[in-house]
Amino acid sequence: MAELVRDRDSASFLLGEVTLIGRDASCDLILTDPRISQIHARVLRQGPTWTLEDLASRNGTTLNGSPVQTHRSQSLSIGDTLVFASEKERWRVVDLTPPQLLVRARDGTTLTGRDYVSLPEPASPDATIYRLPTGRWVLERPDGTHALQDREIVVVRGRTWRVSIPGTTQGTLEEQERPLSIVDLSIAFTVSSDEEHVELTLHGMRQPVALKPRAHNYLLLTLARARLADQARPDLSSAEHGWLYQDDLCRMLAMDSNAIYLQIHRARRQLEKAGIVQSADIVERRASSRQLRLGVAAVTVQRS
């Protein structure tokens, strides 16, 4: 990800698609020197190019020693030096790779991910942010989801976070470089006769990948069985296959909504670690009706 480093203390700052710099609390990079204007400057990604713009600051911005004219964008390169009003705020450009999903707390804590971030921490999330197949980004909590906008403020467990959503200007990958996604997969479930053990094998990769048995496998199995049952019904379209109401799923698994949410999160993380992008889509949601379904249509279930 694109990154700036401050000369005097080696402080690092990751850049989102748009980064506002200044003393105001609405800024992303907050600088406290009184010579810095409330909203001083902006770094912006425009297509493949990163640019710097001074926003009519009182004491100015320089790029490699030359003043940056107000509201005139100047392109950035690795190694460039940026100074905001004071030599105390001399920053170097050390990376200009495309941005990822970035979520930053007011205390400076920063979390990033290609298409999935859990808040406030991966081990015990109260919320997750991920991208739907449509490209829309959502915030999911145990009780449902809502659509996110770039730079939206969210509060999770009493902490305030700003969400920086990456754009779609990174270009198209060649087919051989394209990461494997949920839509490329089929899943084979192997279930013991007493249903105490459920194993998953992912197909669609260069070779099948057997995932380590986990407690959340039974939740995925339950959703897979709902998919298979509906696929056997000629009166249902594929868009209607496999949906279960969350309250029904809670009763079937003897869990509350928080436990269901945590198991879904763990399933997503397991797939993410296996190299699957858009792993959040392993479980789809209909926010308006509180319905869930397995995000993979090609499933098989067999006894061990």
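Residues numbered from 1 in each chain as written. Predicted model: local features only at pLDDT ≥ 70, side-chain atom pairs only at ≥ 80, totals over all residues. Heavy atoms only, no water.

> Account for unusual backbone geometry, with residues named and values stated.
Residue Leu 119 is joined to Pro 120 through a cis peptide bond whose omega torsion reads 0°. With respect to the helices and strands, Pro 120 occurs in the loop between strand E14 (116-119) and strand E15 (127-131). Positioned with a positive phi, Ala 56 is a non-glycine residue whose angle comes to about 60°. If you trace the backbone, Ala 56 turns up in the loop between strand E6 (49-54) and strand E7 (61-63). (Helix = DSSP H or I, 4+ residues; strand = E, 2+ residues; numbered from the N terminus.)

> A description of helix H2 (residues 246-253) should follow, citing residues and the corresponding values.
Burial in H2 covers these residues: Gln 246, Leu 249, Cys 250 and Leu 253. Taken around the axis of H2, the buried residues stretch over an arc of 105°, which confines them to a single face. Residues of H2 that are buried make contact with helix H1 (217-231), strand E23 (244-245), helix H3 (257-273), strand E24 (283-286) and strand E25 (291-294). Remark: Ala 254 follows H2 within two positions and exhibits a positive phi of approximately 55°. (Buried < 20%, exposed > 50% of the residue type's maximum accessible area, 1.4 Å probe, protein only. Arc of directions from axis to C-beta. Contact = heavy atoms within 4.5 Å.)

> Any details on the side chain of Ser 86? Residues and values, ideally.
Examined against the element boundaries, Ser 86 turns out to sit in the loop between strand E10 (81-84) and strand E11 (90-95). Judged by relative accessible area, Ser 86 falls into the buried class, the value being 5%. With residues up to four places along the chain from it excluded, the contact list for Ser 86 reads Asp 33 and Arg 35.

> So what's going on with the sheet that holds strand E12 (residues 101-105)? Residues and values would help.
Spatially, four strands are ordered E13-E12-E19-E18 in an open sheet, and the strand pairing comes out antiparallel. Each edge of the sheet is formed by a strand with only one pairing partner; in this case those strands are strand E13 (110-113) and strand E18 (153-156). Averaged over neighbouring strand pairs, the angle between their axes works out to 25° when direction is ignored. Two strands pair when backbone bridges link them, and E18 and strand E19 (residues 159-164) are joined in this way by four bridges, in the antiparallel orientation. (Pairing = 2+ DSSP bridges. Axes fitted to C-alpha atoms, helices over the stretch in contact; angles between N-to-C directions.)

> Let's hear about the packing of aromatic side chains: which residues, and what values?
Given two aromatic rings, one states the distance between the centres and the angle between the planes to describe the pair. For the structure on display, the rule yields one aromatic pair. Above the plane of the ring of Tyr 130 lies Arg 268, whose end atom (NZ or CZ) is 4.5 Å from the centre. (Phe/Tyr/Trp six-rings, centres within 6.5 Å; stacked < 30°, edge-to-face > 60°. Lys NZ or Arg CZ within 6 Å of the ring centre and 35° of its normal.)

> Before we move on, could you go through the environment of Ala 188 and cite the residues and values that matter?
Among the structural elements, Ala 188 can be located in strand E20 (residues 186-191). Assessed through its relative accessible area of 16%, Ala 188 is described here as buried. With 52 residues separating them in the primary sequence, Ala 188 and Glu 240 have C-alpha atoms 21 Å apart. Setting aside its immediate chain neighbours within four residues, Ala 188 contacts Glu 199, Leu 200, Thr 201, His 203 and Thr 300.

> Quick one: what's the story with the pairing of strand E21 (residues 198-203), residue by residue and with numbers?
The two faces of E21 differ: Val 198, Leu 200 and Leu 202 on one face are buried, but Glu 199, Thr 201 and His 203 on the other face are not. With six bridges joining them, E20 and E21 adopt antiparallel strand pairing. From the neighbouring strand, Ile 187 faces E21, where its bridge partner is Leu 202. Following E20, the chain reverses through six residues before pairing antiparallel with E21; Glu 195 in that reversal takes a positive phi of roughly 60°. Note: E21 against strand E22 (residues 209-211), three bridges, orientation antiparallel. Counted as the bridge partner of Thr 201 is Ala 210 from E22. The antiparallel pairing of E21 with E22 creates a hairpin that spans five residues between the two strands, and Gly 204 there sits at a positive phi of about 115°.

> Can you break down the side chain of Ser 164 residue by residue, with the values?
Here Ser 164 is to be found in strand E19. Note on Ser 164: relative accessible area 9%, which makes it buried. When residues no more than four places from it in sequence are discounted, the contact partners of Ser 164 are Gly 16, Glu 17, Gln 100, Leu 101, Leu 102 and Asp 150.

> Report on the sheet that holds E25, specifying residues and quantitative values.
The three strands are arranged E23-E25-E24 in an open sheet whose pairing can be described as antiparallel. Each end of this open sheet is capped by a strand with a single partner; those strands are E23 and E24. Where E24 meets E25, four bridges bridge the pair, whose relative direction is antiparallel. Bridged to Val 283 within E25 is Leu 294. The strands touched by H1 within the sheet are E23, E24 and E25, with E25 carrying the most contacts at an inclination of about 90°. H3 contacts E24 and E25 of the sheet and is inclined by roughly 135° relative to E24.

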